[in-house]
Amino acid sequence: MSLFKKIFSSDKKETLDKGLEKSKSSFFGKLSKAVAGKSKVDDEVLDNLEEILVSSDVGVDTTLKIIDRIEERVSRDKYMGADELNTILREEIAGLLSETHVGEDTEFVIPSDKKPYVIMVVGVNGVGKTTTIGKLAHQFKNQGLKVVLGAGDTFRAAAIDQLEVWAKRVGVPIVKQKMGSDPASVAFDTLNSAVADNADIVLIDTAGRLHNKVNLMNELSKVKRVMQKVVADAPHEVLLVLDGSTGQNAFEQAKQFTKATEVSSLAVTKLDGTAKGGVVIGISDQFQIPVKYIGVGEGIEDLQVFNKYEFVDSFFKI
């Protein structure tokens with residue numbers, strides 16, 4: 001099927017296949033039971049499929065959309081063999097994501113008219129936020145771009161130390177202050193440093209506490225306002241990092257942060273250690289915010305640009 005033309009390199013696709021292995025095995029185990037002894041897709045199979053998709057963390061709203069699409073095909077085609085269900089699922093889910101998910105690049109391209117391009121990274125503690133920043137810095141540096149990191153999570157000494165370790169590992173400068181400093185002050189200093197050094201990219205870490213929405217909104221708004229004193233339209237992107245292994249909790253975090261600030265893109269991490277990979281499908285569909293990156297391994301190269309066709313192909317690969 002032309003929709004699933006190969007876009008990734010064989011190494012990247014192999015990593016993606018391996019990273020989604022637990023999710024795929026769990027899903028197909030349930031799907032096999034749902035169609036056991038069935039020759040065609042009927043109401044019972046669709047009821048079972050609905051339960052499987054929800055239990056695979058695709059989410060209720062997205063599951064209902066998928067079921068509706070398959071029901072339409074069943075009524076249109078009159079007869080649909082149960083052995084066709086996997087192929088039909090691939091096609092319908094990819095089609096759904098094509099309608100709702102913006103972008104399908106195989107690498108993230110920085111606009112040439114935005115320099116420095118400022119990415120503010122948000123998310124709760126423990127989702128892999130600092131690691132994601134480090135891996136992004138590595139990718140951008142490999143593209144020949146000058147990168148500066150800002151240690152804006154000043155509430156935890158460990159967050160500052162961890163980001164410094166990544167800065168040394170990747171070989172990029174970091175701007176930091178002592179624990180307890182004003183995060184907006186760190187952001188201000190980081191952007192000043194980036195402008196002075198003619199940097200291409202700035203990655204700003206932020207506090208990972210899930211404070212109440214008012215405090216969260218006020219804090220992130222303050223950081224934005226202070227950054228705009230240096231770069232008028234900063235931040236150019238607000239990247240929300242979510243832990244895919246938390247399943248439905250990732251949906252809740254996305255709801256909280258999208259209410260608190262203008263999230264423009266998502267990164268879903270830790271998909272390699274979980275059977276909850278279906279959460280990427282639901283989040284892509286529900287939030288109308290592009291999933292730009294997925295984490296499918298611990299290696300520095302294992303943060304991949306999300307491509308919906310490659311993802312669906314790996315998820316449903318027999």
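In this text, all values refer to a predicted model and were calculated from it rather than measured experimentally.

Rules of the game
Residues numbered from 1 in each chain as written. Predicted model: local features only at pLDDT ≥ 70, side-chain atom pairs only at ≥ 80, totals over all residues. Heavy atoms only, no water. Phe/Tyr/Trp six-rings, centres within 6.5 Å; stacked < 30°, edge-to-face > 60°. Helix = DSSP H or I, 4+ residues; strand = E, 2+ residues; numbered from the N terminus. Axes fitted to C-alpha atoms, helices over the stretch in contact; angles between N-to-C directions. Parallel < 35°, antiparallel > 145°, perpendicular 65-115°, else oblique. Left-handed = near helix turned anticlockwise from the far one by under 90°. Contact = heavy atoms within 4.5 Å. Expected span 1.5 Å × (residues − 1). Buried < 20%, exposed > 50% of the residue type's maximum accessible area, 1.4 Å probe, protein only. Arc of directions from axis to C-beta.

**Student:** I'm lost on the packing of aromatic side chains in this one. Help?
**Tutor:** The tally for this structure, following the rule as stated, stands at four aromatic pairs. Between Phe-306 and Phe-311, the aromatic rings sit 5.5 Å apart at their centres with planes inclined by 65 degrees, giving edge-to-face as the arrangement. The interplanar angle of 25 degrees and the centroid separation of 6.0 Å between the aromatic rings of Phe-311 and Phe-315 together place this pair among those described as stacked. Of this pair, Phe-311 and Phe-315 are both found in helix H12 (residues 308-315), four residues apart, which corresponds to roughly one turn of the helix.

**Student:** Explain the packing of helix H2 (residues 21-35) against helix H3 (residues 43-55) to me, please; I cannot follow it from the model alone.
**Tutor:** How two helices pack is summed up by the angle between their axes together with the distance between the axes. Close contact between H2 and H3 brings their axes to 9 Å; oriented N to C, the two are set at 165 degrees. Comparing the axis directions of H2 and H3 gives the class roughly antiparallel. Here the hand of the crossing between H2 and H3 comes out right-handed. Note on element contacts: H3 touches H2 through Val-45, Asn-48, Leu-49, Ile-52, Leu-53 and Ser-55, opposite Phe-27, Lys-30, Leu-31, Ala-34 and Val-35.

**Student:** Before we go on, may I ask you to explain helix H4 (residues 60-77) in this structure?
**Tutor:** Residues spaced three or four apart along an α-helix face the same direction, because each turn holds 3.6 residues. Compared with the 26 Å implied by 1.5 Å per residue over 18 residues, the 26 Å span of H4 between its first and last C-alpha is a close match. Taken residue by residue, H4 has Thr-62, Thr-63, Ile-66, Ile-67, Arg-69, Ile-70, Arg-73 and Val-74 as its buried positions. In an axial view of H4, the angular spread of the buried residues amounts to 160 degrees, which keeps them on one side of the axis. Turned more than 90 degrees off the buried face of H4, the exposed positions are Glu-72 and Arg-76.

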